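Given next are the chains, with one letter for each unit.
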Amino acid sequence: MEYLYGIIIIVGLYVILATSFNLIIGYGGLVSIAHPVFFALGAYTSAILSRDFGVPVLLAMLAGMLVALVASIALALPSLRVSGDYLMIASIGFQLGLLEVIKNFRFTGGPGGLTNIPPFLIRDFGRESYVLLVLAVMLGVIALVWWISRGDYGRAMSAMRDDELAFSSIGRDAMWMKIAIFALGSGIAGFAGALYAHYFRYIAPEQFEILQSAAILTMVVVGGMRTTWGPVVGALLLQALPQAITFLNLPPSVLGPIQGLLFTGLVLVFMFVRPQGLVPAKDIWRAVPRAKAEETR
Amino acid sequence: MAGVLEVKNLSKSFDGIVVARNVDLTLQSGRVVGLIGPNGAGKTSLFNLICGVVKPDDGMVLLEGKSLDGQPFHQRVRDGLSRTWQHTRLFPSLPVIDNLLVGTHDYPGERLINVLFGPARLRAHDTIARDKAQGLLGKMGLGSVANDLVSDLPYGQQKLVGVARALMGDAKCLLLDEPMAGVEGQAYAAMQRVVREVAESGVAVCVVEHNIAFVRDLCDEGVFMFSGAILARGSLAELIRDPQLTELYFGH
């Protein structure tokens, strides 16, 4: 059972990562490579605060989210002031650079990582409770992104993606909207990182490498950008695939690169054959039923 | 009398090509100024300079006496400046009404904090904005297509949607960039009526337009631009009669 719980939690966390990344790249139109490093920031912050400073785990988790959120604003603010494209370049630097920093500090455990991270819930309520926590957060994040994308904010995000200059010409501030979208998505990734750290209780830099970025991007592209269920489908599928090839009994040294090839290959195939992904987004944004109800009233 | 919008000594050149040369322009409340001149005279560039899309080399723009220097485009719009585009620049992924709803002066839905913690405020705003948008669309004769896609509308109607969108935000000064290009028939009449009504409500209007009949019927004053500079201003009848300007305009 423990093995199954581990898989459910991993899949749940990837659904959270893919859904929050869909907010950034799909709805916000922001290209970022740094999603895994915000995941790492949440994990490390929460692990260090609770392990070395005795902060209660729940508080440490929230602090992990906050640190990821603040770091993402610090990254986005200068890059988005210039132009959208610079965010991608800055995010590559941030992803690679921060991971190097983590590898070279003693308080982060260096390349060997952190062990003995305090557990959460499991001792008192069993592993099932943690599975439920992750699933609840996952559903909450899916609902949150759905809610944001369908209401007044979704309308503004659609308009901003359509034509940024026209968006400014009606008095809307594209820069702060992008920063807010990026911060929320990255903050969610940070919280997912904290959830990861306190279940598996061991984190190391290699778990947050740039390959993860490719994996999360693949989930969103294959599943379907700008849809509620696309990233969910993508995360499930992309997690199932590597599990499926483990039964081929390939040596671990081959497995990693094969996964990488698989992700890249899938993105390429989908870009050509089905660019809209498995769950296609509608071309047209429509308001939530609330508005329709008022019209027919 | 001080104008709603005052452009003072505005100059701009790109690599030696002058698009604005010491331009002075005042737009008064309730009056329509027609900005005319041949292609490349710098009319649209002047709009871009006023809006802050392009930064001037020299000179300043004042809205109700306050300098707009250094302010980004969207902030100028929130202060009361509004413009339309020659090629509409509507939001194709949004239905007609939503193109308008996103353009209200204050749009609480653009801040995540309101989305998460102020749903009642958003609802209240939505009701008011919908009434205003329906009213504007009704005036333009577009009430029946409110839920259609903008790309499904004939071009003339798209232009009207562009003007309606620009009017959602309580503008004090409205800049119209070739509102009549590609507009015919009913849409033409609607555009004329709406621009006049807007001016009568106290908005300062400036129209860049090649349709001289439209300009003559609508504008209180004409301003003739050539090669980045204002060469003449006066009544439209005077400008049209001036043989020198006619020659510059048609390039004979």
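These figures come from a predicted structure and were not determined experimentally.

**Focus: the overall build of chain A**
Reasoning step 1: A count of helices and strands for chain A gives 13 helices and zero strands.
Reasoning step 2: In chain A, the succession of helices and strands from N to C terminus is α-α-α-α-α-α-α-α-α-α-α-α-α.
Reasoning step 3: Taking 2.2 N^0.38 as the reference for a compact globule, 297 residues should give roughly 19 Å; the C-alpha atoms of chain A span a radius of gyration of 19 Å, in line with that estimate.
Reasoning step 4: With respect to the three principal axes, the spread of C-alpha positions in chain A is 55 × 45 × 40 Å.
Reasoning step 5: Within chain A, the proportion of its 297 residues that are buried is 48%.

**Regarding the overall build of chain B**
Reasoning step 1: Counting its regular elements, chain B contains 10 helices and 10 strands.
Reasoning step 2: For a compact globule of 252 residues, the expected C-alpha radius of gyration is about 18 Å, and chain B comes in at 19 Å, within 12% of that figure.
Reasoning step 3: The principal-axis extents of the C-alpha atoms in chain B amount to approximately 60 × 40 × 35 Å.
Reasoning step 4: When the 252 residues of chain B are sorted by exposure, 45% land in the buried category.

**Comments concerning the nonpolar core**
Reasoning step 1: L17 and A192 of chain A together with C173 and V205 of chain B are the most contacted members of the largest nonpolar core, which totals 169 residues.
Reasoning step 2: When sequence neighbours within four positions are dropped, the list of residues in contact with A192 of chain A reads L13, I16, L17, F39 and G42 of chain A.

**A look at the confidence of the model for chain B**
Reasoning step 1: Of all residues in chain B, 99% attain a pLDDT of 70 or more, and the chain-wide mean is 91.
Reasoning step 2: We note a pTM of 0.91 for the whole complex and an ipTM of 0.91 for its interfaces.

**Description of the confidence of the model for chain A**
Reasoning step 1: Taken over all residues, the pLDDT of chain A has a mean of 89, while the share at 70 or more is 95%.
Reasoning step 2: With pLDDT under 50 throughout, residues 291–297 of chain A is counted as low confidence; its partners more than four residues away or in other chains account for two contacts.

**Focus: the sheet that holds strand β9 (residues 221–226) of chain B**
Residues and elements named next belong to chain B.
Reasoning step 1: Taken together, the six strands give an open sheet; going across it, the order is β6-β7-β8-β3-β9-β10, and neighbouring strands pair in mixed fashion. The open sheet is flanked by β6 (81–83) and β10 (229–234), the only strands paired with a single partner. Each strand of the sheet is rotated relative to its neighbour by a mean of 20°, with strand direction disregarded.
Reasoning step 2: The strands touched by helix α1 (residues 43–51) within the sheet are β3 (32–36), β6, β7 (173–177), β8 (204–208) and β9, with β7 carrying the most contacts at an inclination of about 145°.

**Some points on the interface of chain A and chain B**
Reasoning step 1: Listed per partner, the contact involves 26 residues of chain A and 27 residues of chain B.
Reasoning step 2: Secondary-structure elements contributing two or more residues to the side of chain A that touches chain B are α7 (152–162), α8 (164–169) and α9 (174–200) of chain A.
Reasoning step 3: When residues of the side of chain A that touches chain B are assigned to their parent elements, the largest contribution, seven residues, is made by α7 of chain A.
Reasoning step 4: Counted by class, the side of chain A that touches chain B contains 14 nonpolar, five polar and seven charged residues.

**Quick notes on the sheet that holds strand β1 (residues 5–14) of chain B**
Residues and elements named next belong to chain B.
Reasoning step 1: Read across the open sheet, the four strands follow the order β2-β1-β4-β5; overall the sheet is antiparallel. A single partner strand is all that each edge strand has here, and the edge strands are β2 (17–27) and β5 (66–67).
Reasoning step 2: Relative to β2, β1 is paired through seven bridges, and the arrangement is antiparallel. By the bridge assignment, V7 is partnered in β2 with L25.
Reasoning step 3: Most of the contacts of α1 go to β2, to which it runs at about 70°, and overall it touches β1, β2 and β4 (58–63).

**Structural notes on the pairing of β3 of chain B**
All names here are of chain B.
Reasoning step 1: Counting buried residues in β3 gives five out of five residues, a clear majority hidden from the surface.
Reasoning step 2: Alternating residues of β3 divide into V32, G34 and I36 and V33 and L35, and every residue in both groups is buried.
Reasoning step 3: Of the pairings in the sheet, the one linking β3 to β8 comprises four bridges and is parallel in character. Of the residues in β8, the one forming a bridge with V33 is C206.

**So, helix α6 (residues 155–167) of chain B**
All names here are of chain B.
Reasoning step 1: Compared with the 18 Å implied by 1.5 Å per residue over 13 residues, the 19 Å span of α6 between its first and last C-alpha is a close match.
Reasoning step 2: α6 sits mainly inside the fold: 11 of its 13 residues count as buried.
Reasoning step 3: Taken residue by residue, α6 has Q157, Q158, K159, L160, V161, G162, V163, A164, R165, A166 and L167 as its buried positions.
Reasoning step 4: The elements touched by buried residues of α6 are β6, α3 (96–101), α5 (119–139), β7 and α7 (185–200).

**Quick word on unusual backbone geometry**
Reasoning step 1: Positive phi outside glycine occurs at N116 of chain A, with the angle close to 60°.
Reasoning step 2: Residue class for N116 of chain A comes out exposed when judged on the 9 C-beta atoms lying within 10 Å of it.
Reasoning step 3: If you check the backbone angles, R89 of chain B has positive phi at about 50° while not being a glycine.
Reasoning step 4: Examined against the element boundaries, R89 of chain B turns out to sit in the loop between β6 and α3.
Reasoning step 5: Taking the number of C-beta atoms within 10 Å as the measure of exposure, R89 of chain B has 19 and is therefore partly exposed.

**What to know about α1 of chain B**
Reasoning step 1: Buried residues dominate α1 of chain B, accounting for eight of its nine residues.
Reasoning step 2: Just downstream of α1 of chain B lies G52 of chain B, where phi reads positive at about 90°.

**Here we look at the packing of helix α10 (residues 210–223) of chain A against helix α12 (residues 252–273) of chain A**
Think of two packed helices as two axes; the pair is described by the angle between the axes and how far apart they sit.
Residue and element names in this part refer to chain A.
Reasoning step 1: Interaxial distance between α10 and α12 falls to 9 Å at its minimum, and their mutual angle equals 35°. The two elements α10 and α12 cross, and the hand of that crossing is left-handed. Residues L211, A214, A215, L217, T218, V221 and V222 of α10 lie in contact with α12, whose contacting residues are G260, F263, T264, L266, V267 and F270.
Reasoning step 2: Looking at the contact of α10 with α12 residue by residue, the class counts come to 10 nonpolar, three polar and no charged.

**Brief notes about the environment of G185 of chain A**
Reasoning step 1: Structurally, G185 of chain A is set in helix α9.
Reasoning step 2: Residues G185 of chain A and V220 of chain A, 35 residues apart in the sequence, show an inter-C-alpha distance of 14 Å.

What counts, and where the lines are drawn
- Residues numbered from 1 in each chain as written.
- Chains lettered and ligands numbered in written order.
- Predicted model: local features only at pLDDT ≥ 70, side-chain atom pairs only at ≥ 80, totals over all residues.
- Helix = DSSP H or I, 4+ residues; strand = E, 2+ residues; numbered from the N terminus.
- Rg over C-alpha atoms; globule rule 2.2 N^0.38 Å.
- Buried ≥ 20, exposed ≤ 12 C-beta atoms within 10 Å, placed from the backbone.
- Core = buried A, V, L, I, M, F, W, Y, C linked by C-beta atoms within 7 Å.
- Contact = placed C-beta atoms within 7 Å.
- pLDDT = per-residue confidence, 0-100.
- Pairing = 2+ DSSP bridges.
- Axes fitted to C-alpha atoms, helices over the stretch in contact; angles between N-to-C directions.
- Nonpolar A, V, L, I, M, F, W, Y, C, P; charged D, E, K, R; others polar.
- Expected span 1.5 Å × (residues − 1).
- Left-handed = near helix turned anticlockwise from the far one by under 90°.

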